[in-house]
Amino acid sequence: MNKLLQILFFVLFCVGTAHATKIKGHVYDKQTGEAIVGATVVMENPRRVTNTGLDGTFEFKAVATGSASISVSYITYKTITKTFTVAKEDNEHLKFYMESDSKRLDDITIKSNPVSSTDQGARRLEKNATQVMNIVSGKAIEISPDLTVANVMQRVSGVSIERNSNGDGQYAILRGMDKRYNYTLVNGVKIPSPDNKYRYVPLDLFPADLLDRLEVYKTLTPNLEGDAIGGGINMVMKNAPGKFQVNANLSTGYNQLFFDRKFASYNASDIQHKSPYERNGKSYSATQNDFTKGTLDYQYKNPAPNLIGSLSLSQRFLDNKLGVVLAGSYQNTYRGSNSTFYNNAVTGTDAYAVITSKSYREFSEQQQRTGLHGKVDYVFNKNHQLTLYNVYVNLKNQQLRDAVTTTYNSVYNPTAGNAELVYNTRSRLTEQQIYNSTLHGDHQFFDKFKVQWSAVYSSAKNEVPDNTSISLNGLQQHFQSSRTTLVNTSPVNHRWERNTDEDLAGYLDLTYRFAIGNNKVDVMAGGLYRNKQRSSFFNNYTLSPGAADAGRVYGVDFQNYTDLNLIVTNPTGAVANPLTYDASEKISAGYGMFKYSVSKLEVVGGARIEHTNQGYNLLFSAGETFPKGSQVYTDVLPSLTAKYFLTEKAQLHASYYKALNRPGFYEIVPGKVVNEEFQERGNPNLKRALADNYDLRYELFPGASEQLMVGAFYKKIKDPIEYTFQADATRGQDIYYTPGNFGTAHNYGAEVDYIKYFSKIGVKANYTYTHSRITTPKTTRIINAITGDIQALSVDQERPLFGQSEHIGNLSLLFKDTKKGWDAQLAGAYTGPRINTVSQFLNNDLWQEGFIQMDASAEKRFKGGISVFIKANNILNTPTKLFIKGTNPENDKINEDLVKDGHTLIRSDYYGQSYLLGFRYKFN
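Thresholds, definitions, all that
Starting afresh in each chain, residues are numbered from 1 along the sequence in its written order. At least 70 in pLDDT is required for a residue's local features to be given in this predicted model, at least 80 for side-chain atom pairs to be given and counted, and no such filter applies to totals for whole chains, interfaces and linings, which use all residues. In computing side-chain properties, one takes all heavy atoms of the structure into account and sets aside hydrogens as well as water. Per the convention used, a helix needs a DSSP run of H or I reaching at least four residues, while a strand needs a run of E reaching at least two, with both numbered from the N terminus. Relative accessibility under 20% of the residue-type maximum defines a buried residue, over 50% an exposed one, and the middle range a partly exposed one, all with a 1.4 Å probe and only protein chains included. For this analysis, residues touch if any pair of their heavy atoms sits within 4.5 Å. The accessible surface values rely on the Shrake-Rupley method and a 1.4 Å probe; as for residues, cover is taken only from the protein chains in view. Strands pair, by our definition, only if DSSP identifies at least two bridges between them. A fitted line through C-alpha atoms serves as each axis, taken over the contacting stretch for helices, and the angle formed by two N-to-C directions is quoted from 0 to 180°. Here a polar contact is taken to be a pair of N or O atoms separated by no more than 3.5 Å, where protein atoms must pair a possible hydrogen donor with a possible acceptor and residues adjacent in sequence count only if both atoms sit in side chains. Salt bridge, as used here: a side-chain nitrogen of Lys or Arg that lies within 4 Å of a carboxyl oxygen of Asp or Glu. Known as pLDDT, the predictor's confidence for each residue is given on a scale from 0 to 100. Note on aromatic pairs: the rings of Phe, Tyr and Trp (six-membered ring only in Trp) are paired at centre separations within 6.5 Å, and the planes decide the class, stacked below 30 degrees, edge-to-face beyond 60, tilted for the rest. The rule for a charge over a ring is simple: NZ of Lys or CZ of Arg within 6 Å of the ring centre, and within 35 degrees of the ring normal. Patch members must show over 30% relative accessible area and no salt bridge, and they are joined within 9 Å when carrying like charges or within 5 Å when they are nonpolar side chains of Val, Leu, Ile, Met, Phe, Trp or Tyr. Note on terminology: a nonpolar core comprises buried Ala, Val, Leu, Ile, Met, Phe, Trp, Tyr and Cys residues joined through side-chain atoms within 4.5 Å.

1. Considering the overall build of the chain
For the chain, the count of helices and strands is seven helices and 50 strands. Taken across its 924 residues, the chain has 55% of its residues classed as buried. Within the chain, contacts between residues at least 6 apart in sequence are counted, and of these 71% link residues at least 24 apart. Taken as a whole, the chain presents about 39000 Å² of accessible surface, with 55% of it coming from carbon and sulfur.

2. Overview of the sheet that holds strand β6 (residues 80-86)
Pairing between the strands of a sheet comes from backbone hydrogen bonds, and it takes one of two forms, parallel or antiparallel. Pairing is antiparallel in the open sheet, where four strands are placed in the order β3-β2-β5-β6. The open sheet has two edge strands, β3 (48-51) and β6, and neither has a second partner. Between one strand and the next, the sheet's axes are offset by a mean angle of 25 degrees, whatever the strand orientation. Relative to strand β5 (residues 66-73), strand β2 (residues 40-43) is paired through four bridges, and the arrangement is antiparallel. From the neighbouring strand, valine 41 faces β5, where its bridge partner is valine 72.

3. Thoughts on the side chain of serine 310
Take serine 310: it is sitting in strand β18 (residues 306-317). Within the structure, serine 310 has its side chain in polar contact with the side chain of aspartate 209 (distance 3.1 Å). Within the structure, serine 310 has its side chain in polar contact with the side chain of asparagine 249 (distance 2.5 Å). With near-sequence residues (within four places) excluded, serine 310 lies in contact with Asp209, Asn247, Ala248, Asn249, Gly328 and Ser329.

4. Points about the environment of tryptophan 822
Mapped onto the elements of the fold, tryptophan 822 is located in strand β42 (residues 822-831). C-alpha of tryptophan 822 to C-alpha of phenylalanine 869: the two residues are 47 residues apart in sequence and 9.8 Å apart in space. Those residues in contact with tryptophan 822 that sit more than four places away from it in its chain are Phe815, Lys816, Asp817, Glu859, Lys860 and Arg861.

5. Observations regarding unusual backbone geometry
The phi torsion at aspartate 466 lies on the positive side, around 50 degrees, for a residue other than glycine. Checked against the element boundaries, aspartate 466 lands in strand β23 (residues 449-476). Residue aspartate 466 is classed as buried on the basis of its relative accessible area of 1%. The phi angle at aspartate 901 is positive, at roughly 55 degrees, despite the residue not being glycine.

6. Remarks on the pattern of salt bridges
Scanning all chains against the criterion turns up 47 salt bridges. Between arginine 175 and glutamate 751 there is a salt bridge, with its nearest N and O atoms 3.0 Å apart. On the criterion of sequence distance, the pair formed by arginine 175 in the loop between β10 (169-174) and β11 (182-186) and glutamate 751 in strand β38 (residues 744-758) is long-range, its members being 576 residues apart. Here the two residues arginine 175 and glutamate 751 agree in accessibility, since each one is buried. Between aspartate 503 and lysine 532 there is a salt bridge whose closest N-O contact spans 3.1 Å.

7. Here we look at the confidence of the model for the chain
Looking at the chain as a whole, its pLDDT mean stands at 87, while 88% of the residues score no less than 70. By mean pLDDT, the top-scoring element of the chain is strand β34 (residues 689-700) (98), and the lowest-scoring one is helix α1 (residues 2-18) (47). Long-range and interchain partners of residues 7-18, a stretch whose pLDDT sits below 50, account for zero contacts in this model, where long-range means more than four residues apart.

8. Details of the packing of aromatic side chains
Taken as a whole and judged by the stated rule, the model has 22 aromatic pairs. When the centroid spacing of 5.1 Å and the interplanar angle of 20 degrees are considered together, the rings of tyrosine 198 and tyrosine 200 count as stacked. When its relative accessible area of 15% is taken as the criterion, tyrosine 198 is described as buried. Ring geometry for tyrosine 378 versus phenylalanine 380: centroids 4.8 Å apart, planes at 75 degrees, classification edge-to-face. Judged by relative accessible area, which is 41%, phenylalanine 380 ranks as partly exposed. Counting every residue linked through ring pairs, the aromatic cluster contains Tyr171, Tyr198, Tyr200, Tyr666, Tyr723 and Tyr737. One residue, arginine 163, lies across the ring of phenylalanine 851, its end atom 5.0 Å from the ring centre.

9. Quick look at a nonpolar patch on the surface
A surface patch of nonpolar side chains, about 770 Å² in accessible area, is lined by Leu250, Leu307, Tyr330, Phe862, Ile866, Val868, Ile870, Leu917 and Phe919. Every element with two or more residues in the nonpolar patch is listed here: β46 (866-873) and β50 (914-923). The element best represented in the nonpolar patch is β46, accounting for three residues. Here phenylalanine 919 lies in strand β50. Relative accessible area serves as the criterion here: at 39%, phenylalanine 919 is assigned to the partly exposed category.

10. Observations concerning the nonpolar core
Judged by nonpolar contacts, the single largest core of 35 residues is most densely connected at Leu220, Ile229, Tyr581 and Ile717. Among the elements of the structure, β8 (133-137), β11, β28 (581-597), β29 (601-618), β31 (650-661), α7 (665-668) and β34 are those that each provide at least two residues to this core. Among the elements that line this core, the one with the most residues is α7, at three residues. Not counting chain neighbours up to four residues away, the residues in contact with tyrosine 581 comprise Arg534, Ser535, Ser536, Asn617, Leu618, Leu619, Phe665, Tyr666 and Val669. By size, the runner-up hydrophobic cluster in this structure holds 32 residues, among which are Ala172, Val186, Ala208 and Val393.

11. Focus on the pairing of strand β14 (residues 231-237)
For β14, a buried count of seven out of seven residues is recorded, marking the element as mostly surrounded by other parts of the structure. Both faces of β14 are covered, namely the face carrying Gly231, Ile233, Met235 and Met237 and the face carrying Gly232, Asn234 and Val236. Sheet topology places β11 next to β14; five bridges connect them, and they run parallel. Bridged to valine 186 within β14 is methionine 235. One ladder, built from six bridges, connects strand β13 (residues 211-217) with β14; its direction is antiparallel. Looking at β14, one finds that tyrosine 217 is bridged to glycine 232.

12. Things to note about the sheet that holds β13
Strand order in the open sheet formed by five strands is β8-β13-β14-β11-β12, with mixed pairing between adjacent strands. Edge positions in the sheet fall to β8 and β12 (189-190), since each has one partner strand and no second. Judged from the two bridges that link them, β11 and β12 form a sheet pairing that is antiparallel. Across the sheet, residue valine 186 finds its bridge partner in β12, namely valine 189. On top of the sheet, helix α2 (residues 119-128) reaches β8 and β13; it is set at about 165 degrees to β8, its chief contact.

13. Here's the deal with α2
All buried positions along α2 are accounted for by Asp119, Gln120, Gly121, Ala122, Arg123 and Glu126. As for α2, its buried residues are in contact with β8, α3 (138-143), β34, β35 (707-718), β38 and β39 (761-783).

14. So, the environment of phenylalanine 259
Note that phenylalanine 259 resides in helix α5 (residues 257-260). Between the C-alpha atoms of phenylalanine 259 and glycine 912, which are 653 residues apart in sequence, the distance is 9.5 Å.

Right, here's the structure in full:
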């Protein structure tokens, strides 16, 4: 009987299979025609469920012939159902076009559709944008390995990043243009920088999970501020959807570096944020008791695990008229690096530098990053809307750097017997913060006239209180001996630095629309006024042992110096210096532009006029030639953009615009600061740079989340600003690092950007070639044939722009299984060699070696909105290595594998891998 049932079942199965077939389909957004990823597809009788893949497709296998019914649903879309007949073969490829179910108010639209932060929405914005741009969606950021905006930036074509001392990205270089040539926006409004020297904003301040999307502008139109030769970075913060929504995540992890060594720290709890001069008055004489001992109280232990979390809440009230978003992020991480640095010098008539000493440094850094974002918008009616944005970010970095420098006579030689040792430890607390509040209005009159305005307050602050360093000298008896005596012969330094920026700004944009025949024409005009006030404070105290303690031996094993008996050599401080100053900048701008659209062509053109009044006032003049100074100038910045639509999915995008780059306040103040390795000076004669920029890009958007973009660009920069080492004509051999203008530079290149999905597999790839040239003066030395003396000779040398890599590439492999809830990504970024420091001497520039950064992430979603994720960064433990192109024969004697392929290694920094494990909760 059982055998008979088995045979009967087998027969029925064969009959069913003979009459079964496959059903395939595609789900699109009806309005845009773009594929929808992750839609739920249900087939009835029997009930079967699947989800659309990365390309919007779905498939049911072994479907019985006959009548069938399929329904498709997705959040904020109306559910649609189709009934059809399944044939044995040649079944129609089903297409479902979904309509949005969100409430809309004509031109003032409540962005309740989640597509606005997805890859589909990003591609749509790129396609419709007037300027050439690239966008990283909020969804792509969420599932990526990146925690900060700086690290997200490295995924964009044409962008490379500069790392900070712990290996994280900090600044972005766009198309080979150094960070100084870019600006940063939050919701379209420029924000000030907390940097104590420059205008550019450290992007590692911003937690990536606060963003709805990240926009990178590669060209400008007249309604955008004109000081972005390289481009602009716009961080669009989270928005309020059409229903109550919660998004929370919490994660923890560790850095591989601290499996191998201890984390060094100090007691920062009692640091005085004001110097004795500020606390006690101008004439106060400080003693050792006025300085905390905590900055010299070193501790070495295993750090706590990293802790990272974020929470966002959003809802609309009053029949969707009032929208509220509250979002916060907190990151407490322990990072560091192990660094080896070979000090070098060019002596005599040597063509290349000779290594004179070796420094080994260990950095330990605790970073506490906080981000808060709040947004309230109110829609009065279809013509009027008000929005209030508030953004606050804070980065507190507590760093301890241990260093030991070994010097063997004039040339470094580890086998040459006695050596002088210098132990230097620095404890530094840096706090940077940015706050921005923007009230924005959108108004429509008579269906043709549109008014947009913004009132903006922004502030930025950088504070480094009681930056303490101590240097002790010792003597190593032999390179194999560990006997070392430490004698405090060098001073202890306590330094206070603080700068604040405050901006008050107003924006106005007017648009009038009319028609010429069947063609639309927009005429736009507007302006900007910004008043920036900056204050900068610098004070420094030096402490040395008294006569009774001179030559005191502190021993071999040292961890803190809280028992030192020191005398303040400058008891009233050093506040009377050029770095204590006030500065201001007033910018007035106006523009006029038009937008003309015909069937296959869109043209946007116009001009922007910017008037700059920038000045400074040294509060303590010390005989400087220019204790007060100002720069006043007006620039006319024309631009023209054209888009030609080849098909519905392909277009040509061409652009020309003129832009400028203003000097920073610090750069034009005629002061100097003595750093650990060199002296730095301002240049009151520094001029702004001006550039003509040309772009052409072919853009193809074959699918909702797919693209192929091939472009070329050219920049001609007049008076580019670069930093170089210069000899001090009044002080013999002294050199200093200073900004200057250097003729005309040229920068051109090509980009390819490709995104393609194959159901569950996706590929994101981009490559950028950049070539630039600038000519700057260099020093070479020759022997005078008559006198026999060594003579310095100035020559011009052509080189690439500072920070420009000839080759940049990204490759990401994506996996997405919406049915089983999996997302995974393996991302690699390549940055080619680039100049790190411009040397005073011919052919001695310091280059950074090309490197590959490899990161990965994966996420598994479960029912109830819960998901678990893992992120891994710097998987290959990629170091930063600096080298000189060339070598001195003396360096070949050093048995440390420093000379290779004609290059001399100068520095190598290793950061270790970082791992993170966490969970995420989403409601709606």
